[in-house]
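Overview (structure and organization)
For reference, the chains in residue letters:
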Amino acid sequence: MDARHLPLVKRLLWLIAGAFAFAFAMVPLYNVLCEVTGLNGKTAGPGGFSIGGLIGDPAAPPSPIDHTRTVTVEFTGTVMPGLTWEMRPLTFSLDTHPGEMQMVSYLVRNTSDKPTLAQAIPSVTPGEAAQSFHKIECFCFSQQALAPGESREMPLTFIVNPDIDKSIRHITLSYAFFSIDGRRLASAATSEAKP
Amino acid sequence: MNTATTTIPVAGAHHGDHHGHHQPSGVLRWITTTNHKDIGTMYLTFALIMFFVGGLMILAVRVELFQPGLQLMRPEFFNQLIGVHALVMIFAALMPAATGFANWQIPLMIGAPDMALPRVNNWGFWLLPPAALLLTLPFVLSLFGIGDGALATGWTMYAPLSVQGGFGVDFAIFAVHLLGVSSILGSINIIVTIFNMRAPGMTMMKLPLFAWGWLITAFLLIATIPVLAGAVTMLLADRHFGTHFFSAAGGGDPILFQHLFWFFGHPEVYILLLPVWGLMPHVISTFSRKPIYGYKAQVYAFMAIGVLSVVVWAHHFFTVGMPTPALIYFMFATMSISLPLAVLFFCWIATMWRGAISFETPMLFALGFIVLFGIAGLTGLVLADVAADAQYHHSYFVVAHFHYALFAGGIMGVMTGVYYWLPKWTGRMYSERLGKLHFWLTAISFNLTFMPQFFLGLAGMPRRIPDYALQFAEFNAISTVGAFVLGFSQLIFAWNVWQCAKGGAKAPAKAWEGASGLEWELSSPPPYHSWETQPQVA
């Protein structure tokens, strides 16, 4: 290589390395952005997992209940490929006043013949509501273990913050239960696709 | 451009010496060559072959879509064809064709003896055939019962589908890596050549517009290809190494993949188009017998488009559920690209204004490009509108729009360049009669293929589905007929190029009466080693 080209080539290689690093820097940056804006139903939570983790602050003083408004909260859940569980909400939908504490449960059953460990990942729609949806206690805070054939009612306690935007009247809370047995998702999905 | 040479290059010693001094002959010549003309020819030949490979894939798709119902293939195979068609056409046909142009033309046009990094240039090309093999091999393997075929996610490889897909995804990931490295090597070479090897007196603002277009493309490639490489590397890690970049199970987010992909994917559109926008003014000026209008305006428009192209990516997925302020930002940022683009259109038309225009094949293609690419731009504005996009997203309207941009804009632009420079490269004239036939068949059948798809999209036909509702039958049948005429018309092109290279009428050094620029001061074909003494640009 002609030596006079070397400085420019080096600078261009640095640019390329920078662009490659930028792609990986996007991963934490995107997370921060989502936590700040509530994008994709994500809210910031102290420690642990934060993706869609709607962790309320139990130490906060109880907010006054806003009796002038009613928000409908709907519950849904999916079991992801690779996990042979069933789940359904015992309450499909309820009306609540912002500031009011509510408790609901999901019925979850392990339909496989193996003890399985799994965790539920929550998500709130619309995204703008995510930051105003506080969970006081939730089965999604920790991993859940079920024996073969065992079923369990899994509780959830939440408050819709009175500061929620007046235009929001419906909130959907969705859970996706993921297996955490260390298997790769890809191989799990392939085996799922071939019954 | 007033680039008159004052010294005649001393190329006589090499004139007609097409094999150099110690050049191996036969296949080994092509494998080891570091000559920019040889490498340019290889890029263009490879692009033409892959253009037909990608075309055959989509003709199979159009046969399937000729009638409602599933006639020919399983939906899985249909999904593989559309995704690999796109990757082949973008990465293995359009991009190599543009790089072939750059290799042949940039040294000739800026008065440089070769590309700055000849060995890197050779590597850049020879990464392409293995990449093309990786893309298409899974099809062949599946015929022998190995694996379940090629990438079936569409070319965008969206997670989580691509996290769960078969090994075709892995093949595509490695193909993208190779193609990316090849593009980056090509870009480094072009930037260094343009910065360091211009003829004395050729300031940046005397650089031919084609070189300017490519310079911006090269910087876009350097800024975005590594991001794509990063995204597919994360995808690979999610698939095999238990990471969770895009899988929500471990705290990842599939939408992140879309952001990363389109951070590359939108500039990619301009990567494909900027070389073509660069060559258009040369062609239009030649056949209008007038100097290029608005040289500076076009340079600044290229720069503006280059900068804007990296800040508008999210308009490709308006429907994922973004906050309204983000939607509005991406809508207006996207629409603002039409301003510099309108400057280019204006300059092209103003170059023709009151010119003594003649309609040789390159000019026909240039005019066809302006009209049809204009349609692409206008329908792009419709898609950029957040409210309208909610309806048109993922419909055939999008398919029609980007084929107006990438076939009429990209491929027809490349053909403009091939017809324009073919006499320079081969030293012979192609058949003007066949060229014109090729143009008219292409222009008419292109519209026959894609115009109905706008209406299909407006009526609600989703893309990437092998079957459709009965009311879409007529337009799909028309589109399929158009696609076959379009596909087979390209054989005329291949035949014409072959006949020209084999023995057309001799072309003079300045093959076109109205042409200007350094490349026309060399003989046709130029000597194997040209501009060894750099010309002085006034």
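Structure first, text after, so check above.
A quick note: this is a predicted structure, and the numbers were derived from the prediction, not measured. (Residues numbered from 1 in each chain as written. Chains lettered and ligands numbered in written order. Predicted model: local features only at pLDDT ≥ 70, side-chain atom pairs only at ≥ 80, totals over all residues.)

Topic: the overall build of chain A
This is how it is decided: Every helix listed is a DSSP run of H or I at least four residues long, and every strand listed is a run of E at least two residues long, numbered separately from the N terminus. For the exposure call, what matters is how many other C-beta atoms sit within 10 Å of a residue's own: 20 or more marks it buried, 12 or fewer exposed, and in between partly exposed, using C-beta atoms placed from the backbone.
From N to C terminus, chain A includes two helices and nine strands. N-terminal to C-terminal, the α/β element order of chain A is α-β-β-β-β-β-β-β-β-β-α. Taking all 195 residues of chain A together, the buried fraction comes to 31%.

As for helix 10 (residues 295–309) of chain B
All names here are of chain B. In plain terms, the rule: Residue count minus one, scaled by 1.5 Å, sets the expected span of a helix. The contact rule is simple: place each C-beta atom from the backbone, and if two of them lie within 7 Å, those residues are in contact.
Given a rise of 1.5 Å per residue, 15 residues ought to cover 21 Å, and the 21 Å separating the end C-alpha atoms of helix 10 matches this to within 8%. Within helix 10, burial applies to Tyr-295, Gln-298, Ala-301, Phe-302, Ile-305, Gly-306, Leu-308 and Ser-309. Buried residues in helix 10 make contact with helix 8 (209–240), helix 9 (254–288), helix 11 (324–336) and helix 12 (338–352).

Describing the pairing of strand 8 (residues 151–160) of chain A
All names here are of chain A. Note the cut-off: When DSSP finds two or more bridges between a pair of strands, those strands are recorded as paired.
In the sheet, strand 4 (residues 101–110) pairs with strand 8 via nine bridges, with the strands oriented antiparallel. In the sheet register, Val-108 faces strand 8, and the bridge partner there is Arg-152. Bridge analysis of strand 6 (residues 133–138) against strand 8 gives five bridges, and the strand direction is antiparallel. Residue pairing across strands places His-134 opposite Ile-159, the latter belonging to strand 8.

Details of the packing of helix 9 of chain B against helix 12 of chain B
Between two packed helices, what matters for the description is the angle formed by their axes and the separation of those axes. All names here are of chain B. In plain terms, the rule: Lines fitted to C-alpha atoms define the axes, with helix axes restricted to the stretch in contact, and inter-axis angles between N-to-C directions lie between 0 and 180 degrees. Note on terminology: angles under 35 degrees are roughly parallel, angles over 145 are roughly antiparallel, angles of 65 to 115 are roughly perpendicular, and the others are oblique. Two helices crossing with the near one rotated counterclockwise from the far one by less than a right angle form a left-handed crossing, whereas a clockwise rotation gives a right-handed crossing. For this scheme, ten residues count as nonpolar: Ala, Val, Leu, Ile, Met, Phe, Trp, Tyr, Cys and Pro. Four count as charged, namely Asp, Glu, Lys and Arg, and the remainder, Gly too, count as polar.
Where helix 9 contacts helix 12, the axes come no closer than 8 Å and their chain directions differ by 15°. In terms of axis orientation, helix 9 runs roughly parallel to helix 12. In the crossing of helix 9 with helix 12, the sense of the turn from one axis to the other is right-handed. Counted together, Trp-277, Met-280, Pro-281, Ile-284, Ser-285 and Ser-288 of helix 9 and Leu-344, Cys-347, Trp-348, Thr-351 and Met-352 of helix 12 form the full contact between these two elements. Of the residues belonging to the contact of helix 9 with helix 12, the class tally is eight nonpolar, three polar and no charged.

Some thoughts on the interface of chain B and chain A
Listed as interface residues are 32 residues of chain B and, on the opposing side, 31 residues of chain A. Per element, the largest residue contribution to the side of chain B that touches chain A is nine residues, and it comes from helix 8 of chain B. In the side of chain B that touches chain A, the residues fall into 21 nonpolar, nine polar and two charged.

Concerning the sheet that holds strand 3 (residues 93–96) of chain A
Residues and elements named next belong to chain A. Ordered in space as 3-1-9-5-7, the five strands form an open sheet in which the pairing is mixed. Each edge of the sheet is formed by a strand with only one pairing partner; in this case those strands are strand 3 and strand 7 (144–146). Here the average twist between neighbouring strands, direction ignored, is 30°. Taken together, the eight bridges between strand 5 (residues 116–125) and strand 9 (residues 170–179) define a ladder with antiparallel strand orientation. Residue Gln-119 lies in a different strand from strand 9, and its bridge partner there is Phe-178.

Looking at helix 8 of chain B
All names here are of chain B. With 32 residues, helix 8 ought to run about 46 Å at 1.5 Å a step, and its terminal C-alpha atoms sit 46 Å apart, in line with that. A large share of helix 8 lies buried, amounting to 28 of its 32 residues. Just beyond helix 8, the residue with positive phi is Gly-242, at close to 70°.

Concerning the sheet that holds strand 4 of chain A
Residues and elements named next belong to chain A. Taking strand neighbours across the sheet as the criterion, the four strands line up as 2-4-8-6 in an open arrangement whose pairing is antiparallel. Strands at the two margins of the open sheet, each flanked by one partner only, are strand 2 (85–89) and strand 6. In this sheet, adjacent strand axes meet at a mean angle of 30° when their direction is disregarded.

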